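Observations on chain architecture
What follows is the residue order along each chain.
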Amino acid sequence: MAKDKTLYTCSECGASSPRWLGKCPGCGAWNTLVETVAELPGAGKNRLSGAQYAGLAPAQQVVPLSAIEASEVARTATGLAELDRVLGGGIVEGGVVLMGGDPGIGKSTLLLQALDALQQLGLPVLYVTGEESGAQVALRARRLGLAASQVQVLAEIQLEKILTTVDAVQPAICVIDSIQTIYSDQLASAPGSVAQVRECAAHLTRLAKASGIAIVFVGHVTKEGAIAGPRVLEHMVDTVLYFEGDTHSSFRLVRAIKNRFGAVNEIGVFAMTEQGLKGVSNPSAIFLSQHSEPVPGSCVLVTLEGTRPLLVEIQALVDGGGANPRRLSVGLDRDRLAMLLAVLHRHAGVACADQDVFVNAVGGVRISEPAADLAVLLAITSSLRAKPLPKGFIAFGEVGLAGEVRPAPRGQERLKEAAKLGFTVAVVPKANAPRKPIAGLTIHAVERVEQAMDAVRGLG
C-alpha cells in the first residue's frame with residue numbers, strides 16, 4: 001500500500017507546508033505546524049457544490065444602509081442571571097456562541113444547567129456530547145439535582161449524523177460539547193485538526209443562521225489559554241466566552257471577549273457548589289479579605305468589569321532586597337509595576353530601589369485597566385512604612401509618567417458602589433470628584449501623586 005502523503009498545517013491560520021518549519025510561512029507564528037494527512041485529489045469533491053457553500057443569508061439587491069429595516073434582536077433568558085449578563089441579556093435566535101476554558105473548570109456543568117432551565121420554560125433543547133457517553137451525562141445530571149431533567153441528549157461525533165438529528169428534532173438551543181471532537185466524513189483528517197474544526201464549525205454556523213437555532217460550541221484551550229484550533233473559529237461565531245478561575249477555588253468567572261449582540265468585557269461570577277454553579281449577586285465580597293483591623297500594604301480598588309463596578313483588594317509587600325531586588329505582580333502587569341515604582345520615586349520621593357516588591361490582586365482576579373495605578377502606589381507606600389491605610393478606605397485613578405493622576409471612566413458609579421458597601425474615605429482623581437456629595441463617603445480629590453500621598457498622611 002502506498003503511504004499516505006502528509007502535510008504540516010498551521011494550527012493558527014491553516015497554512016500548510018510540505019515539511020516542518022519552526023515558523024509558519026503564512027502568519028509567522030512559531031511552533032504551530034502540526035503534521036496532518038493530506039487530502040486525496042478526488043476526496044470530498046462534492047463539498048465544493050454551491051449548496052454546501054451557500055451564503056449565510058440570501059442574496060439581496062444593493063440598497064442604501066438607511067433603507068434597511070433594523071430591529072432589536074429577540075433574546076431568550078437562560079435562567080442563570082450571571083450568564084445572561086455576559087451574553088447581553090440572553091441567547092439570541094440563530095446566534096452562535098463559543099465557550100472556552102481549562103479542563104474541569106465547569107463548562108459542561110454550566111451549559112447543562114442552562115439547558116435544563118430553558119427546557120423547564122418549554123423550549124426544545126439538545127445536548128450533543130462527543131466526549132462522554134449518555135450515561136456519564138446522566139450521572140452528572142444526578143449530581144446536580146437534575147434527575148428528572150427532560151433535556152434531549154445525543155452522544156455522537158459525526159457531523160452528518162448531528163446535522164440530520166438537529167434537522168429532525170428542531171431544538172431552539174443546541175450545545176455541541178465539544179467542537180474539537182466533531183468530524184466530517186468529507187475530510188480525511190483526524191478530529192480536532194485545523195481542517196475538521198474549521199469545516200464542522202462552518203457547517204453548524206450555517207445551520208444556525210439558516211434555521212434560527214441557537215448553537216453553543218464548547219472549545220478546548222491550549223496551554224497558553226487560547227482556544228484550540230484555527231483562529232478563524234473565533235471570527236465565525238457571534239459570541240466568544242472564556243471560563244476562568246482557579247480549580248482550587250470555588251469561584252469561577254465567565255468573561256465575554258467578543259459579542260456581536262452585547263457589550264464585551266462583561267463578567268459573570270459563579271460559585272461551584274455540590275448542586276452545580278450558582279450565580280454570585282455581590283461579587284465584591286469575594287475579592288475583599290476579611291481583616292478585623294486594617295493591615296499595612298492593603299488598599300481597596302474600585303475596578304470596572306464591563307458595566308459592573310467591583311471592589312478588589314490590592315495587597316503589596318515591600319521587603320529588604322539584595323543587589324538584584326525582585327518585582328513580582330500577580331493579577332497586574334509586571335512592566336506597569338516597574339513604571340509605577342519609578343514614578344513613586346521621582347515624584348513622591350519614596351524610594352524602593354533596594355527593596356523586593358510583591359503585589360497581588362486578591363481572589364485571583366486579573367486587572368488590566370490603568371485605573372488600578374493609584375491603589376497600587378498607596379498599597380506599596382503603606383507596606384514600606386508599615387502603616388495601614390484608614391478603615392473603609394478606597395482609591396482609584398491612572399498615574400502618568402509626569403506624576404499626574406488621570407481620571408478613570410465612570411467614576412461616579414465606582415464611588416456609589418463603594419458607598420453602598422460601607423466605605424467611608426476615598427482618594428480619587430480631581431476629574432472624578434462628584435458635583436454632589438455622596439452620603440457617608442468623604443472624598444479627597446487629587447491631581448498629582450504627591451497630593452495623594454499628602455492626603456493619606458493627613459488621614460493618619
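Relevant structure appears above.
My aim in this report is to walk through the structure given alongside it, one point at a time.

Definitions and cut-offs
- Residues numbered from 1 in each chain as written.
- Predicted model: local features only at pLDDT ≥ 70, side-chain atom pairs only at ≥ 80, totals over all residues.
- Heavy atoms only, no water.
- Patch = residues over 30% accessible without salt bridge, like charges linked within 9 Å, V, L, I, M, F, W, Y side chains within 5 Å.
- Areas by Shrake-Rupley, 256 points an atom, 1.4 Å probe, with all protein chains shown as cover.
- Salt bridge = Lys/Arg side-chain N within 4 Å of Asp/Glu carboxyl O.
- Helix = DSSP H or I, 4+ residues; strand = E, 2+ residues; numbered from the N terminus.
- Buried < 20%, exposed > 50% of the residue type's maximum accessible area, 1.4 Å probe, protein only.
- Pairing = 2+ DSSP bridges.
- Right-handed = clockwise from strand over helix to strand, strands pointing away.
- Axes fitted to C-alpha atoms, helices over the stretch in contact; angles between N-to-C directions.
- Parallel < 35°, antiparallel > 145°, perpendicular 65-115°, else oblique.
- Contact = heavy atoms within 4.5 Å.
- Nonpolar A, V, L, I, M, F, W, Y, C, P; charged D, E, K, R; others polar.
- Polar contact = N/O pair within 3.5 Å; in protein donor to acceptor, adjacent residues only side chain to side chain.
- Core = buried A, V, L, I, M, F, W, Y, C linked by side-chain atoms within 4.5 Å.
- Arc of directions from axis to C-beta.

**A look at a nonpolar patch on the surface**
A cluster of nonpolar residues, V63, L65 and I68, forms a patch on the protein surface that exposes about 310 Å² of accessible area. With respect to the helices and strands, I68 occurs in the loop between β3 (33–37) and β4 (75–76). Its relative accessible area of 46% is what places I68 among the partly exposed residues.

**Some details on the pairing of strand β17 (residues 327–330)**
Side chains on a regular strand alternate between the two faces of the sheet. Where β17 lies against strand β18 (residues 355–361), four bridges are found, and the strand directions are parallel. Each bridged residue has a counterpart across the sheet, and for R327 the counterpart in β18 is V357. Handedness of the crossover is the feature at issue here: the chain leaves β17, passes through helix α7 (residues 334–348), returns alongside β18, and the resulting connection is left-handed.

**Section: the packing of α7 against helix α10 (residues 449–459)**
If you want to describe how two helices pack, look at the angle between their axes and the distance between the axes. In the contact formed by α7 and α10, the axes pass within 9 Å of each other and the chain directions differ by 80°. With respect to their mutual orientation, α7 and α10 come out roughly perpendicular. Listed contacts from α10 to V343, L344, H347 and A348 of α7 are V449, E450 and M453. By residue class, the composition of the contact of α7 with α10 is five nonpolar, one polar and one charged.

**Some words on the side chain of T303**
Among the structural elements, T303 can be located in strand β15 (residues 298–305). By relative accessible area, which is 2% here, T303 ends up buried. Among the polar contacts made by the side chain of T303, one reaches the side chain of E369 at a distance of 2.7 Å. The contacts of T303, once residues within four sequence positions are left out, are R308, P309, L310, V312, I367, E369 and R414.

**Points about the environment of V169**
Looking at the element boundaries, V169 is found in helix α4 (residues 159–169). Judged by relative accessible area, which is 38%, V169 ranks as partly exposed. For the pair V169 and V125, spaced 44 residues apart in sequence, the C-alpha to C-alpha distance is 8.7 Å.

**Overview of the nonpolar core**
If you look at the biggest cluster of nonpolar residues, it comprises 63 residues, and the most contacted ones within it are I314, V359, I367, L378, I380 and F393. Of all the elements, helix α8 (residues 373–384) adds the most residues to this core, at seven residues. If sequence neighbours within four positions are ignored, I367 has contacts with L301, T303, V312, I314, G331, L332, A361 and A372.

**Brief notes about the pattern of salt bridges**
On inspection of all chains with the given rule, the structure shows 15 salt bridges. R366 serves as the salt-bridge partner of E244, at 3.4 Å between the closest nitrogen and oxygen. With E244 in strand β11 (residues 239–244) and R366 in the loop between β18 and α8, the pair connects residues that are 122 residues apart, well separated along the chain. Overall, the relative accessible area of 17% leaves E244 in the buried class. Linked by salt bridges that have partners in common, R336, D373, E398, E404 and R406 make up one network.

**Description of the side chain of S17**
Within the fold, S17 resides in strand β2 (residues 16–17). Judged by its relative accessible area of 6%, S17 falls in the buried class. In terms of polar contacts, S17 uses its side chain to reach the backbone carbonyl oxygen of R19, at 2.8 Å.

**A word on the sheet that holds strand β8 (residues 152–155)**
Hydrogen bonding along the main chain pairs the strands of a sheet, whether they run parallel or antiparallel. The nine strands are arranged β8-β7-β9-β10-β6-β11-β12-β13-β14 in an open sheet whose pairing can be described as mixed. Of all the strands in the sheet, the pair left with one neighbour each is β8 and β14 (276–279). For this sheet the average axis-to-axis angle between neighbouring strands, irrespective of direction, equals 25°. Sheet topology note: the strand β12 (residues 251–259)/strand β13 (residues 267–273) ladder contains five bridges and is antiparallel. Paired with L253 across the two strands is V269, which belongs to β13. On the sheet, α4 packs against β7 (125–129), β8 and β9 (173–177) and is oriented at approximately 170° with respect to β7.

**Thoughts on the environment of A402**
Mapped onto the fold, A402 is located in the loop between β20 (398–399) and β21 (405–406). Exposure remark for A402: the relative accessible area of 44% places this residue in the partly exposed category. Spatially, the C-alpha atoms of A402 and V449 are 9.4 Å apart, while their sequence positions differ by 47 residues. Here A402 is in contact with H347 and R448, once residues within four sequence places are set aside.

**Focus: α4**
Listing the buried residues of α4 in full gives L159, I162 and V166. In a view along the axis of α4, the buried residues occupy a sector of 60°, so they form one face of it. Of the exposed residues in α4, the ones pointing more than 90 degrees away from its buried face are T164, D167 and A168. On its buried face, α4 sits against β7, β8, β9 and α5 (194–211). Backbone geometry just downstream of α4 places Q170 in the positive-phi region, at approximately 55°.

**Quick word on unusual backbone geometry**
The peptide bond linking D177 to S178 adopts the cis configuration, its omega dihedral lying at 5°. Mapped onto the fold, S178 is located in the loop between β9 and α5. For N31, which is not a glycine, the phi torsion comes out positive at approximately 55°. Relative to the helices and strands, N31 is located in the loop between β2 and β3. Phi is positive for R410, which is not a glycine, with a value near 55°.

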